[in-house]
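# Reading the structure
Spelled out, the chains give:
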Amino acid sequence: TYVPKAVIKEVDPFNKQIKTSAGDFKFDHSILMAPHQAGEMAWRAGTIGKNAEGKPSGWAAVDPVFLNLKDDPDVYVIGDAVGIVSPQFNFYPKAGHVANAHGKIVARYIADRVAGKTPKGDLPDNLCFMMVNASPREDVAVRFKYHLDDKGVIIQDQLDDNFRRDELVTEDFQWAGRMYEDMFG
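Notes on the structure in this doc start here. Computed from a prediction, not measured in an experiment: that's the story for all the values here.

Our focus in this paragraph is the overall build of the protein chain. Within the protein chain, the secondary structure is distributed over three helices and 10 strands. Going from N to C terminus, the protein chain has its helices and strands arranged as β-β-β-α-β-β-β-β-α-β-β-β-α. Overall, the C-alpha framework of the protein chain stretches about 55 × 40 × 35 Å when taken along its three principal axes. Every one of the 185 residues in the protein chain was classed for burial, and the buried ones make up 31%. For the protein chain, the share of sequence-separated contacts (at least 6 apart) that also reach a separation of at least 24 residues comes to 36%. Carbon and sulfur atoms provide 55% of the accessible area of the protein chain, an area that totals close to 12100 Å². Of the side chains in the protein chain, 22 bear a positive and 27 a negative charge, and the two mean positions are spaced by 2 Å.

Next comes the structure, spelled out in structure tokens:
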């Protein structure tokens, strides 16, 4: 069971129970994501924005579409360090797929600027495969598409594919192969 945006209130690992803002759950196995923030390099570089109270947000303050610092158009921040980009969903998923897409998008922005062109805004996509069983092989997936609404706000469309099946495992491994080739090949 995938439970997005469920703020964890309490975890009882001995009785295998989780209390969340989305309800209480019993589990056999669980993956919990603790709160996190941009890495030390982003802090040392002074890229961290401020929240409504004027305190550090924990994330780089970037233009949501062009990914450059709000106060410096020549400095780009990608991946996990990127701060809030939309009032609808707040952050892009902190995923290698998004960081990889951001890298390609920013490379195009820089190439356009070097060529004297004005960059055209671009948004990443994202997907997340989760192997839920090894025998028989079964995956589930969550896919995200992003677009700008008529006010220029980034909107996230999410498709949950919870039909456990081997075809998703094959797609998962093909995606991983392409991603590793792209990043390390």
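So, next bit.
With that out of the way, let us pick up the pairing of strand 10 (residues 154-165). Sheet analysis places strand 9 (residues 137-148) next to strand 10, joined by nine bridges and oriented antiparallel. Bridge pairing in strand 10 places lysine 145 opposite aspartate 157. Linking strand 9 back to strand 10 in an antiparallel pair, the connection comprises five residues, with glycine 152 at a positive phi of about 85 degrees.

Looking at the element boundaries, threonine 47 is found in the loop between helix 1 (40-44) and strand 4 (48-50). The residues touching threonine 47, leaving out its near neighbours within four places in the chain, are Ala42, Trp59, Ala60, Ala61, Leu69 and Val77.

What sets the pattern is the α-helix's 3.6 residues per turn: residues three or four places apart point alike. With 19 residues, helix 3 (residues 166-184) should cover 27 Å at 1.5 Å per step; its first-to-last C-alpha distance of 27 Å lies within 8% of that length. Taken together, the buried positions of helix 3 are occupied by Leu168, Val169, Asp172, Trp175, Ala176 and Met179. Buried residues in helix 3, looked at end-on, bunch into an arc of 125 degrees, giving them a common side. In helix 3, the exposed residues that point more than 90 degrees away from the buried face are Glu167, Arg178 and Glu181. The elements touched by buried residues of helix 3 are helix 2 (96-114), strand 8 (126-134), strand 9 and strand 10.

Right, let's get into the sheet that holds strand 10. The antiparallel open sheet is built from three strands, whose spatial order is 8-9-10. Edge positions in the sheet fall to strand 8 and strand 10, since each has one partner strand and no second. Geometrically, the sheet is characterised by an average inter-axis angle of 10 degrees between neighbouring strands, direction not taken into account. Two elements, strand 8 and strand 9, share eight bridges in a ladder whose sense is antiparallel. From the neighbouring strand, alanine 134 faces strand 9, where its bridge partner is arginine 137.

Over its 19 residues, helix 2 runs 27 Å from end to end, which matches the ideal 27 Å to within 8%, given 1.5 Å per residue. Residues of helix 2 that are buried: His97, Val98, Asn100, Ala101, His102, Ile105, Val106 and Tyr109. Elements that come into contact with the buried residues of helix 2 comprise strand 7 (72-76), strand 8 and helix 3. Trailing helix 2 by a residue or two, glycine 116 shows a phi angle of about 80 degrees, which is positive.

The antiparallel open sheet is built from three strands, whose spatial order is 1-2-3. Of all the strands in the sheet, the pair left with one neighbour each is strand 1 (8-12) and strand 3 (23-26). Along the sheet, successive strands turn relative to each other by an average axial angle of 10 degrees, direction set aside. Note that strand 1 and strand 2 (residues 17-20) share four bridges and pair antiparallel. In the sheet register, valine 11 faces strand 2, and the bridge partner there is isoleucine 18.

About the cut-offs
Residues numbered from 1 in each chain as written. Predicted model: local features only at pLDDT ≥ 70, side-chain atom pairs only at ≥ 80, totals over all residues. Heavy atoms only, no water. Helix = DSSP H or I, 4+ residues; strand = E, 2+ residues; numbered from the N terminus. Buried < 20%, exposed > 50% of the residue type's maximum accessible area, 1.4 Å probe, protein only. Contact = heavy atoms within 4.5 Å. Areas by Shrake-Rupley, 256 points an atom, 1.4 Å probe, with all protein chains shown as cover. Lys, Arg positive; Asp, Glu negative; His and termini not counted. Charge placed at Lys NZ, Arg CZ, Asp CG, Glu CD. Pairing = 2+ DSSP bridges. Expected span 1.5 Å × (residues − 1). Arc of directions from axis to C-beta. Axes fitted to C-alpha atoms, helices over the stretch in contact; angles between N-to-C directions.

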